[in-house]
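Residue-level listing of the chains:
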Amino acid sequence: MKRRRLYYLLSAILLFCFSGTFLLMPVAGRADRENVRAALGTVGVLFWLTGIGGYTLLVLARRLDAGSERAERKAGNKKRENTKPDFPVGRAAVALDIVVAAGVVTLLVWSGKWFMQRYGAYVVLFITTMAFHARLLIGSRPGRGSKSLQGEQKANQDGKAADQGEKKANQDGKAADQGEKKAGQDGKAADQGERKAGQDGKKADQRGRKTDRNVKRADQSVKKADQGKKKTYQGGKKDNQGGKKGTGKKDVDRG
């Protein structure tokens, strides 16, 4: 991580120095005849060293950045699907793009003008290359990959939480369905119990009616027995009366 940041920092310094060599070119060209070659040679050496060194360090930093991203993805068991572009869209990026485009158009349109050939072209090249290098560094800033990975990890965690929520909702729905089925079964059992209780009540009523009939029959039998006793009693009385009458007649005949 520290080495990658160091590469980005050194790359930025060298690329900005590379852009600054365009401003040194007209100054070196106006030196004395004895020193012109030395001045131009020095500027040329700075141009190539800063340019090659800056772009080399930028490539190395990007490789380290890509390697760290792959390592983090493997550690998190994440597949690399849609990564962010090297040139992010933002206000600063759009402004730098406009500056680069304006510089290129200026060089193409006004390249034949006298002031462009003398000083203007170098100033435009300085501004254009500075904006281009700043654009590259914005697009490959340190921590870009880790932030995108964190965003993906957070999105995956949110997705897992949503899936778990759906599973829990499905389980709750199944439990509710089972509860409804159980309640339906309990209701059917209650209905059957009510029906059975009604049938038992009907049987009890029938038994009670049968018992009442038996009681009535017993009462009738008792009444018949009482009537038989009365008839027997009355018959006995009549026999007694008949006996008394017969005895009186015999007495009269004797007399």
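Conventions we followed
- Residue indices follow the written sequence of each chain, beginning from 1 at its first position.
- Confidence filtering applies because this is a predicted model: local features only for residues at pLDDT of at least 70, side-chain atom pairs given and counted only at 80 or more, and all residues used for totals across whole chains, interfaces and linings.
- Side-chain numbers here rest on the full set of heavy atoms in the structure, without hydrogens or water.
- Counting from the N terminus, the helices are DSSP H or I runs at least four residues long and the strands are E runs at least two residues long.
- Exposure categories follow from relative accessible area, calculated using a 1.4 Å probe and restricted to protein chains: below 20% of the type maximum is buried, above 50% is exposed, and the middle band is partly exposed.
- Residues count as neighbours in contact if any of their non-hydrogen atoms are within 4.5 Å of one another.
- One side-chain nitrogen of Lys or Arg within 4 Å of one carboxyl oxygen of Asp or Glu is enough to make a salt bridge.
- Here, the term nonpolar core denotes a set of buried Ala, Val, Leu, Ile, Met, Phe, Trp, Tyr and Cys residues that are joined through side-chain atoms within 4.5 Å.
- For this analysis, a ring pair means two rings from Phe, Tyr or Trp (six-membered ring only for Trp) whose centres lie within 6.5 Å, classed as stacked if their planes differ by under 30 degrees, edge-to-face if by over 60, and tilted for the remaining angles.
- Expected span of a helix, by definition, is 1.5 Å for each gap between consecutive residues, and there is one gap fewer than residues.
- Bend at a given residue is defined as the angle between two axes, one fitted to the seven residues that end at that position and one fitted to the seven that begin there.
- As used here, the arc belongs to the directions running from the helix axis to the C-beta atoms.
- For the purposes of these results, a polar contact is taken to be a pair of N or O atoms within 3.5 Å, where, inside protein, one atom must be able to donate a hydrogen and its partner to accept one; residues adjacent in sequence count only when each atom of the pair is a side-chain atom.
- Patches here: salt-bridge-free residues with over 30% relative accessible area, like charges joined within 9 Å, nonpolar side chains (Val, Leu, Ile, Met, Phe, Trp, Tyr) joined within 5 Å.
- The protein chains shown are the only cover counted for residues, whose accessible areas, like all others here, come from Shrake-Rupley with a 1.4 Å probe.
- Each residue carries a pLDDT value, the predictor's own confidence for that position, ranging from 0 to 100.

J.: Whenever I open this one, the overall build of the protein chain confuses me. Can you help?
T.: Regarding its fold elements, the protein chain presents five helices and zero strands. Mapped in sequence order, the helices and strands of the protein chain form the string α-α-α-α-α. Residues classed as buried in the protein chain amount to 19% of the 255 residues present. If you take every contact in the protein chain between residues at least 6 apart in sequence, the share linking residues at least 24 apart comes to 80%.

J.: What exactly am I supposed to notice about the pattern of salt bridges here?
T.: Close approach of charged atoms lets side chains of opposite charge pair. In total, this model carries one salt bridge according to the counting rule given. With a closest N to O distance of 2.8 Å, arginine 135 and aspartate 97 form a salt bridge. In this pair, arginine 135 is assigned in helix H4 (residues 114-139) and aspartate 97 in helix H3 (residues 91-109), connecting sequence segments 38 residues apart.

J.: Sorry, what's going on with the nonpolar core here?
T.: The tendency in soluble globular proteins is for nonpolar side chains to be buried as a group. In terms of nonpolar packing, the biggest core is built from six residues, these being Tyr8, Ala12, Leu58, Ala61, Leu136 and Leu137. Secondary-structure elements contributing two or more residues to this core are helix H1 (2-29), helix H2 (33-75) and H4.

J.: Explanation requested: the environment of isoleucine 13 in the structure shown.
T.: Its location among the elements puts isoleucine 13 in helix H1. For isoleucine 13 and glycine 54, which are 41 residues apart along the polypeptide, the C-alpha to C-alpha distance reads 7.6 Å.

J.: For this particular structure, what's the right way to read the packing of aromatic side chains?
T.: Centre-to-centre distance and the angle between the planes together describe a pair of aromatic rings. The tally for this structure, following the rule as stated, stands at five aromatic pairs. Ring centres 5.8 Å apart and planes at 80° place the aromatic pair phenylalanine 18 and phenylalanine 22 in the edge-to-face group. Here phenylalanine 18 pairs with phenylalanine 22, and both are found in helix H1, just four residues apart, close to one helical turn. Each member of the pair, phenylalanine 18 together with phenylalanine 22, is buried. Considering the side-chain rings of phenylalanine 22 and phenylalanine 47, the 5.7 Å spacing of their centres and the 85° angle between planes classify their relative orientation as edge-to-face. Taken together, the residues phenylalanine 22 in helix H1 and phenylalanine 47 in helix H2 connect sequence positions 25 residues apart. By the burial criterion, phenylalanine 22 is buried, and phenylalanine 47 matches it. Aromatic ring contacts, followed pair by pair, group Phe18, Phe22, Phe47, Trp48 and Tyr55 into a single cluster.

J.: Help me understand H1, please; the structure alone is not making it clear to me.
T.: Each full turn of the α-helix corresponds to 3.6 residues, which orients residues three or four apart in the same direction. The terminal C-alpha atoms of H1, which comprises 28 residues, lie 41 Å apart, in line with the 40 Å expected from a rise of 1.5 Å per residue. Where H1 bends most, at leucine 23, the angle is about 35°, and the proline proline 26 comes one to four residues later. Taken residue by residue, H1 has Arg4, Tyr8, Ser11, Ala12, Leu15, Phe18, Ser19, Gly20, Thr21, Phe22, Pro26 and Ala28 as its buried positions.

J.: Can you help me understand the environment of threonine 128 in this one?
T.: Topologically, threonine 128 is positioned in helix H4. Expressed as a C-alpha distance, the spacing of threonine 128 and valine 99, which sit 29 residues apart in the sequence, is 6.6 Å. Beyond its immediate chain neighbours, meaning those up to four positions away, threonine 128 contacts Val100, Gly103 and Val104.

J.: What is the right way to look at H3 in this model?
T.: The end-to-end C-alpha distance of H3, which contains 19 residues, comes to 27 Å, matching closely the 27 Å that a straight helix rising 1.5 Å per residue would cover. Along H3, the positions that sit buried rather than exposed are Ala93, Leu96, Val100 and Gly103. The buried residues of H3 occupy one face: seen down the axis, they fall within an arc of 90°. Residues of H3 that are exposed and point more than 90 degrees away from the buried face comprise Arg91, Ile98 and Val109.

J.: Which parts of the structure should I look at to understand the side chain of serine 19?
T.: The residue serine 19 is located in helix H1 in this model. Among the polar contacts made by the side chain of serine 19, one reaches the main-chain amide nitrogen of methionine 130 at a distance of 3.4 Å. Beyond its immediate chain neighbours, meaning those up to four positions away, serine 19 contacts Phe126, Thr129, Met130 and His133.

J.: I keep staring at a nonpolar patch on the surface and nothing clicks. Help me out?
T.: A cluster of nonpolar residues, Val104, Val105, Leu108, Val109 and Trp110, forms a patch on the protein surface that exposes about 510 Å² of accessible area. Tracing the sequence through the fold places valine 104 in helix H3.

J.: Can you help me understand the confidence of the model for the protein chain in this one?
T.: For any part of a model where pLDDT is low, the fine detail of the predicted coordinates should not be relied upon. On average, residues of the protein chain score 76 in pLDDT, and 76% of them reach the 70 mark or higher. For the protein chain, per-element mean pLDDT is lowest for helix H5 (residues 144-254), which scores 72, and highest for H1, which scores 88. For residues 79-87, every residue scores under 50 in pLDDT, and the model assigns this stretch 16 contacts once sequence neighbours within four places are set aside. Throughout residues 142-149 the model reports pLDDT below 50, and contacts reaching past four residues in sequence, or to other chains, amount to 16 contacts.

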